[in-house]
Amino acid sequence: MTTRGIPRAAPGATQPASAPPGSPAETPAGKRRSFWRVFLREPVAAVAFGVLALIVLAALLAPWLGLPDPTRGSLVDRLKPPLTPGYPLGTDEFGRDLLSRVVWGARVSLGVGFLAVAIAAAAGVALGLVSGYLGGRFDFWAQRFIDLLLAFPYILLALMVVAILGPGLLNTMLAIAIAGIPYYVRIARASALALREREFVEAAEAAGASTGWILVKHVLSNSLSPILVAATLDVGFMIMAAAGMSFLGLGAQPPLAEWGVMLSNGRQYLRVAPWVSLVPGAMIFLVVLALNLLGDRVRDLLDPRMVGR
Amino acid sequence: MRGFTKGIATLGLLALGWALAQPGSQIVIGLQAEPTTLDVAQLSDYNSSRTAMGMYEGLVRFADGSTDIEPGLAESWEVSDDGLTYTFHLREGVTFHDGTPVNAEAVEFSFLRQIDPEHPYHDTGEFPYAEFTLGNIETIEVVDDMTVRITLGETFAPFLANLAMHAAAIVSPTAVMEHGRDFSENPVGAGPYRFVSWRRGVEVVLERNPDYWRGAPQVERLIFRPIIEDQARLAALEAGEIDLAVNLPPDDLPRLRDDARFTFAEQAGMHTWYVVFNVTKEPFDDARVRQAVAHAVDRDAIVQAILGGTGVLAKNFLPPVVWGYTEDVTEYPYDPERARELLAEAGYPNGFEVEFWVPESGSGMQQPVAMGTVIQDFLSRVGIRVTIQQFEWGTYLDRVIVPVENAASVPAMFEMSWIGDNGDPDNFLYILLSGDQFPNNGFNLGYYDDDEVDELLRRARTSLDEAERLALYEEAQRLIMADLPVMPVDHETQTVVMRSSIQGFVPHPTGVFRFEKVEVTNP
């Protein structure tokens, strides 16, 4: 181990380095398995997990499910209601199979949601940790920049980014990711501010560990639980945001199946064929609800004040 | 569901009746978008012209329901034998809404303001139609108070028809002098209705002109409200918030037809919805590729399914209601096999990738995204991989109407529509497909440039012999449809849905609304 200084500093510390409970960095494999068991003990979380797992699985396996081409329609069969033979969920305004579109759309919508969170979290956490840990002038300017971003309402900021980058699914994902960065910066910075005063961090500093090492090994690993909770809850939000942007015509372009676009197009046929909107709407509802329930459960389990619930 | 809707409708009506408990008859019209201007010389879209045209009148005008010319502010006129000089005798005793008399000087003012860069009031607006409508005028001469003489630079067959167009309407010089650029928000003409107020984003209110020379209209007040969403406009109509609407969702029309509360007025429009090929770009510089696209797309299915019969299949670029129309042109029936053969001949046996621009909405664009998506689907079946790019209408027009120097920035194919202004084939074929009419002269947006077609169109617009013009236009249509610089899809049938209490509303082929003969009976 390179940080040989730690054991020497430890006896003087009032708390061992592994103190923050539930810190994933310290969780052994066995404990992880029991975490899942505890996690799914709550029936609501178990159902939410099941629903989400089913949708993710369907999305991943879409090419092998034998569904019709989601972009190809038959105008003769347009606006058929659900349970029509051959079209379990009905067809849309171009006679395209809604089941197929919803399943293929899950790949896009979920993919965009998870990727946007990953980008926002990676950038936000990096900036927040460095900013909170280093403090000083860097912290000042980084925070002013974040204040600037926060001054704009979320959707307006995302719209501005799309206006600069141009419409399209990839740009929309980038836009909502960029607009989501401040959220993670704040969480990570708050965590880093608290951690840098802690004895094990000071001990590492005293022992001469490099800043990068301390940031990754001590600050990041001990900030993971609030970030994880935030990210879980945020995936649902990002899916909604991406759907919202597509709803405005800025995201996915036809004929790509994406839930927001499907919802938006179906709106025109709400009176004569409500299922065209209801099917993708229900999917967004289900996924976002499931993700929120799971996020709540993750928070309950990781929050030290709620241990044992 | 139906009882519920009716309940809401009744409630809405009651609320509306209570809120607008004012005496007199009125009609509330649901527009697709906010008017951009009410200055008749600056109109360039349906929403503005439908709102504004009731306030103005020109020297001549189109008769009700047709593009025949009938006298307007000019009682009579003479044309010289060489076809170059027009002398108009104005109607006595007509005044604008502000009391200014309609005289020869007002005519001179209205025209010169648009076409003479030296005119002191030339800076009171942009005049997109000035060149097309009045560009041939060489001189305007005020002979006496009630006589005006117009001399043309060269003979121009559709000149009288052009004088019935909106840009040739006569405006009150007093009002323009007083308001300058703000004339577009303080319009004064000599039409059957006069301006009351314009609350941006809410409504434009007009009231009847009791001194209108044809007699005061029966309906006292017209209110134009922009409701952008088709579904919202439909809901407003059913709830009684508006009395008359256009461009309702085609799939909802059968339901409205069965509803006794509403009546329909339909009119085969002077309209063509088409796909423009940028012929300066590969692969559409090759006519076989353009023909392949036309064979690959089942345009009849688009008209039937997506438009629900609110249009008729376009066999020709020119709409059937415009004189000179012929069906003796090359046809492009749905035939994917033929499309693949043509692609292979042109050197694209495996198809190609192409960008296709589509507006989100727009006047005359019908269902632009849905139609674009179906075209994309059909083209994918013959190997043409289409990427659709959507734009907001204003942005879209800025990006596709560009001078030929920047032709490279215009995509290989994009959607467009044209609504005839004066019922003459010149207003379709010349302005949209002549090599002289690249933007910003005209609207030849795909830069089609064929010497033979140009020559035919040029001769046809300067000839005064009807039979000769007809022959020239028929030949031009044959050449155009064989070469296919654009793919016409349909001619929209104007479909106006209104409360049954509205009597006597007849849509005009030019798409403007006329209310002076309309009556509202008590329901």
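Being a predicted model, the structure only gives us computed values, none of them experimental.

*Asks:* Before we go on, may I ask you to explain the domain arrangement of chain B in this structure?
*Replies:* Think of interface size as the accessible area that goes away when the parts come together; that is how it is often given. Residue and element names in this part refer to chain B. Domain boundaries in chain B define domain 1 (20-37 + 191-261 + 500-523), domain 2 (57-183) and domain 3 (271-493). One C-alpha centre belongs to domain 2, the other to domain 3, and the line joining them spans 33 Å. Contacts between the two partners involve 14 residues from domain 2 and, on the opposite side, 14 residues from domain 3. Roughly 1200 Å² of surface becomes buried between domain 2 and domain 3 when both sides are summed, with 60% attributable to carbon and sulfur atoms. In this assembly, domain 2 and domain 3 are joined by zero salt bridges. Here domain 2 is connected to domain 3 by three residue pairs in polar contact (both at pLDDT 80 or more).

*Asks:* Can you walk me through empty space enclosed by the protein in this structure?
*Replies:* Picture a little ball the size of a water molecule; that probe, rolled over the atoms, points out where space is still empty. All names here are of chain B. Tallying each qualifying case throughout the model produces six cavities of 30 Å³ or more. Its volume calculated, the largest cavity comes out at about 110 Å³. Lining the largest cavity are 14 residues, with Tyr46, Arg50, Asn247, Glu492 and Gln494 sitting closest to its centre. A per-element tally of the lining of the largest cavity places strand β18 (residues 486-499) first, with three residues. Partitioning the lining of the largest cavity into residue classes produces five nonpolar, seven polar and two charged. Taken as a whole, the second largest cavity spans an internal volume of roughly 50 Å³. Those elements that provide at least two residues to the lining of the second largest cavity are β13 (271-277) and α14 (426-433). Along the lines of polarity and charge, the residues of the lining of the second largest cavity split into 11 nonpolar, two polar and no charged.

*Asks:* I tried to follow the side chain of Arg461(B) on my own but got confused; where do I start?
*Replies:* Residue and element names in this part refer to chain B. Turning to its location among the elements, Arg461 is positioned in helix α15 (residues 451-462). Within the structure, Arg461 has its side chain in polar contact with the side chain of Asp426 (distance 3.0 Å). What Arg461 contacts, discounting residues up to four positions off in sequence, is Thr155, Phe156, Ala157, Pro158, Asp426, Tyr430, Arg469 and Tyr473.

*Asks:* Would you mind going over the packing of helix α3 (residues 43-61) of chain A against helix α4 (residues 98-134) of chain A with me for this structure?
*Replies:* Any two packed helices are characterised by how steeply their axes cross, that is the angle between the axes, and by the distance between the axes. Residue and element names in this part refer to chain A. Following both chains from N to C, one finds α3 and α4 inclined at 105°, their axes separated by 8 Å at the closest point. The pairing of α3 with α4 is recorded here as roughly perpendicular in orientation. Across the interface between the two elements, Ile55, Val56, Ala58, Ala59 and Leu60 from α3 touch Val103, Ala106, Arg107 and Leu110 from α4. Looking at the contact of α3 with α4 residue by residue, the classes come out as eight nonpolar, no polar and one charged.

How each quantity is defined
- Residues numbered from 1 in each chain as written.
- Chains lettered and ligands numbered in written order.
- Predicted model: local features only at pLDDT ≥ 70, side-chain atom pairs only at ≥ 80, totals over all residues.
- Heavy atoms only, no water.
- Domains from an automatic or database assignment.
- Contact = heavy atoms within 4.5 Å.
- Buried area = accessible area lost by both parts, 1.4 Å probe.
- Salt bridge = Lys/Arg side-chain N within 4 Å of Asp/Glu carboxyl O.
- Polar contact = N/O pair within 3.5 Å; in protein donor to acceptor, adjacent residues only side chain to side chain.
- 1 Å grid on protein atoms, 1.4 Å probe; cavity = no way out; pocket = protein on both sides within 12 Å on 5 of 7 lines; lining within 4 Å.
- Points joined across faces, edges and corners; volume = space filled by probe spheres on them.
- Helix = DSSP H or I, 4+ residues; strand = E, 2+ residues; numbered from the N terminus.
- Nonpolar A, V, L, I, M, F, W, Y, C, P; charged D, E, K, R; others polar.
- Axes fitted to C-alpha atoms, helices over the stretch in contact; angles between N-to-C directions.
- Parallel < 35°, antiparallel > 145°, perpendicular 65-115°, else oblique.

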